[in-house]
Amino acid sequence: MRPVTEINIQLTVNGETERVAADTTQTLLHVLREDLGLTGTKDGCASGDCGACVVLLDGQAVNSCMVLAPQADGSQVTTIEGLAGNGDLHPLQRAFSETWAFQCGFCTPGMLVSCHALLESNTNPSREEILTAIAGNFCRCTGYQGVVKAVMQAAAELRAASSTPGTGHD
Amino acid sequence: MTESNVVGRWTSAPGADEIVTGRARYCPDIYFPDMLTGKLLYSPHARARIKKLDVSRARKMSGVFAVITHADIPGENSYLYANPDQPLLAVDEVRYQGDAVAAVAAKDGSTADAALQAIEVEYEVLPGIFDPLEAMQIDAEQVLKGEDNVIMQQTYQTGDVEAALASADVIVENSYRTQWAEHAFLETESAVGRIDGDGLITVYSSCQAPHRDRMQIARALAVPESMVRVITPYIGGAFGGKDEAHVQMHAALLAHATKRPVNLIRGRKESILTHVKRHPVIVDCVTAATSDGQLLAVKARVIADAGPYTNATHEVVNKLGEFIGGPYTVQNLEVQKIAVRTNNPITGAFRGFGAPQAAFVYESQMDDLARKIGMDPLEIRLRNGVETGTRMYTGVVVREGTAMKASLEKAAEIINWKKRERCERQPDRHLRRGFGMATILKGCGLGRDLGDHASVILEMHRDGSVILRSAAADMGQGIVTVLAQLAAERLGVEMSAIRVIRADTSLSPDAGASCASRQTMVSGNAVLKAADSIRDTLLTLAAGKTKIAKERLSLVGGKLHVDGEAHGLSVRDLAERASAWGYPLHAESLSHFDYPVDVPDVTYRYSQEVFQFCTQIAQVLVDCETGQVTVERLIAVHDVGNMINPGGVYGQIEGGCAQGIGYALTEELIVKNGHTQNTSLENYVIPLALDIPEMEIEVLQIPEPFGAPLGAKGVAEAPIIPTAPAIRNAILDAIDKPLYELPMTAERILNA
């Protein structure tokens, strides 16, 4: 057996500071699931193909199976468990549920995080922009139509919430 | 439906909040403090004799708790879907790349991996049999010693095919080939085994058939079924690929050997190499017609490559043959069904269960025929389509068949079929645009004489809340939602009042497998029956209390209604009364799938008798320089009977179309001499978001009058079936070249 080297890393996961003694060859996905018990993030292929393990790493959507734990040292990580604030579902989460943007739900954690990253930078995405944002998220159940609908719905809700009443926004 | 309160309305799935917050637990998320990691050692060869298998070194390793081989299995060393010919752990020979030879449980994944490496296996590689045509020869070596390579050879015939062929004006004769297709469910096969204090073996299983799993686990461990409990947590997709068991028995065997919980999760590569695939088939088909497009006869020979073991081959190939004449009135039909063992991947259930292969053949034949006689593809289909009352070539009478032609007409209307020539056929020098259609039928239910039944248990508590116990596995298709809606509708309560206990064999009676588009109907009927019994008790109590005749009372939206108007009493009041007076609001019911009794002597074996009809039309753009096909539009018109759960229905149709696009254009397991070449999701190419057009979906709601709860039918399988032939016919329309092999890759298009 190869020798295992552990290093101590520190991460901020969903706003909480976490210190983990991580095997240097382990992935961020492994740290989240095995060390921190955050099993919302899924392992669909362990090779960066399917997107089930997408998390936000310093605001960027990444496949956490392709990030080695030491690379994430000092980073801010947001997982599916961190999307709902104060126990209220994020509009995107509600929209996913209402539009049947998932069936089995296994791709949903990564899909939601990718869509969340999109809405952070673009609150009025086109169909094409949504499809591009989720181009790396495999879904075998839905054919992606519900996802597009959900993102559109959530985007509209977020725009409505951010516009000040009475200012005659377009 | 006068009282529709929840049925037919958009509603979130029970458990949706768990999914969108990441709290939903799938097998790989189940954790126990003393849990071990299980792994299997698979054969690197397609066929080899095991000369030596020595696990002693692995067993001595620190952190390794068990290493088991076939010799350590207390009970039967076999899977059992229909035929127990596939070993759980290989004995003296491996017959495909997915045969496992040993199982390990260790403290963690890397220790388990190290233990697998420490197992010494000496193989003598044997020449395998990889060509089904070769395997069929009388003198071919046996893939499974003592067993004929031909595991199925049956012919069904009706009418006088030879006479019809002799009298035909036109004959179209072609040979088709289809590929191994991979389910690519996002959650790979997984299970967690655990032994409780009293010896009960609990297995968390990512599966479609919890009670069949229980039977197989009990057989492997040589314990009574009552000592095995199978629980399905959330399941990350299945599409038929988890109908047959995978690692459930191994997880139980390792838990039994170590007396500790053991999880066993296949990696993606293992998953692709090991589980059943859609059968690749060679179909030779002759279709005969008159010069004005009347179908006279269909004659087909199907040869399916089963891989080394039987699995669901009989059932799948039987269904393929059952639908080989399509949704048409053809009366002279002969189909020869042959399935052969090889050392290629194992095969079994995959959404559509043989019907997608059949549809690729019969709908391609229809377009070739239409071209030969100069008839419009829509017209030839309308001319020959079945209707209500048609006695099909299977001997089965179509009891409700309005949707066959209605779906064709609706789809044609949406795309403006008759005026399609007005669109730009050659938008650029190298680009060609084309339109193609396919229309299909697929039955719901297992089929006649196959023990098609399901039970449920329903309880209403004193506060009006309800527990529904059903062992119908929900793999994402939404059966839990459908059953909750039916219960809520019949009991007159809100969806939120219903809590569905997901499949657990210790809590719920057998509902059979979630397969064959059957659970909405068979478990749905069981729920209605149970709910009716509770509702009757509530209404009896209400009649006693209000002194109003029971016939005038109903339950809607949590309230008692009199002549359709809300009354002061709530369902909760009535439930409290029932509890106080000692009337248990508890019902268990069993529902049998309804098959008619009067069938002719010549009837197709195990025929289905309630049909899903649908038509899809594809508009494609073919790049003649690269062979690239873009599906620009996909129209899908589906009959589902009355729609119970719109989110699920649209989701099934959209998802099925997406899988159909993959099956048509890109998905193919490349197998050379029994060795699968593409073992990742990078090179087994399923459609991604950007590959899918905006789908135009129309749901026809023609109430199914037979054996359908509130008129609803199953919808799961139909959507994948017409997509590939619709795209094939669109490519034919675009470039004037017929294709007879799936998938229709760029290379095949350029070589056509």
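From a predicted model like this one, the values you see are computed outputs, not experimental measurements. For every chain, the first residue of the written sequence is number 1, and numbering continues from 1 onward in sequence order. Each chain is given a letter, starting from A, and each ligand a number, starting from 1, according to the order in which they appear as written. Restriction of local features to residues with pLDDT of at least 70 applies here, the model being predicted, together with a cutoff of 80 or more for giving and counting side-chain atom pairs; totals for whole chains, interfaces and linings are based on all residues.

All names here are of chain A. Once the domains are mapped, chain A shows domain 1 (6-82) and domain 2 (91-162). Each residue is represented by a C-beta atom placed from its backbone, and any two residues with such atoms within 7 Å are regarded as in contact. At the junction of the two partners, domain 1 supplies 13 residues and domain 2 supplies 11 residues. The dominant element in the side of domain 1 that touches domain 2, judged by the number of residues it contributes, is strand β3 (residues 54-57), at 3 residues. Domain ranges listed in this record stem from an automatic or a database domain assignment. Secondary structure elements are taken from DSSP: a helix is a run of H or I of four residues or more, a strand is a run of E of two residues or more, and numbering for both begins at the N terminus.

Once that is clear, we can look at the environment of I457 of chain B. Residue and element names in this part refer to chain B. Inspection of the secondary structure puts I457 in strand β17 (residues 453-460). We call a residue exposed when 12 or fewer other C-beta atoms sit within 10 Å of its C-beta, buried when the count reaches 20 or more, and partly exposed for counts in between; the C-beta positions come from the backbone. The class for I457 is partly exposed, based on 19 C-beta atoms found within 10 Å. C-alpha separation for the pair I457 and I731, spaced 274 residues apart in sequence, amounts to 51 Å. With residues up to four places along the chain from it excluded, the contact list for I457 reads R469, S508, P509 and E588.

Residue and element names in this part refer to chain B. We treat two strands as partners when DSSP finds at least two bridges between them. Pairing is mixed in the open sheet, where 5 strands are placed in the order β7-β15-β14-β13-β8. Two strands lie at the open edges of the sheet, namely β7 (150-158) and β8 (170-177), each paired on one side alone. Sheet twist, expressed as the average angle between the axes of neighbouring strands with direction ignored, equals 5°. Strand direction decides the pairing type here: strand β13 (residues 281-289) and strand β14 (residues 295-305), joined by 9 bridges, are antiparallel. Bridge assignment links A288 to a residue of β14, and that residue is A297. Packed onto the sheet, helix α10 (residues 355-373) meets β8, β13 and β14 and runs at close to 145° relative to β8. To get an axis, a line is fitted to the C-alpha atoms, and for a helix only the part in contact is used. The angle between two axes follows their N-to-C directions and goes from 0 to 180 degrees.

A few words now on the environment of N124 of chain A. All names here are of chain A. Mapped onto the elements of the fold, N124 is located in the loop between α3 (108-121) and α4 (127-133). Its 11 C-beta neighbours within 10 Å are what place N124 among the exposed residues. For N124 and Y144, which are 20 residues apart along the polypeptide, the C-alpha to C-alpha distance reads 18 Å. Discounting residues that sit within four places of it in the chain, N124 has contacts with A155 and R159.

We now examine the pairing of strand β12 (residues 262-265) of chain B. All names here are of chain B. Burial of β12 is two-sided: the residues V262 and L264 facing one way and the residues N263 and I265 facing the other way are all buried. Pairing of strand β1 (residues 36-42) with β12 involves 3 bridges; the strand directions are parallel. Along β12, the bridge assignment pairs L36 with V262. In this structure, strand β9 (residues 190-195) lies alongside β12, joined through 4 bridges in antiparallel fashion. Within the sheet, the bridge partner assigned to V192 lies in β12 and is N263.

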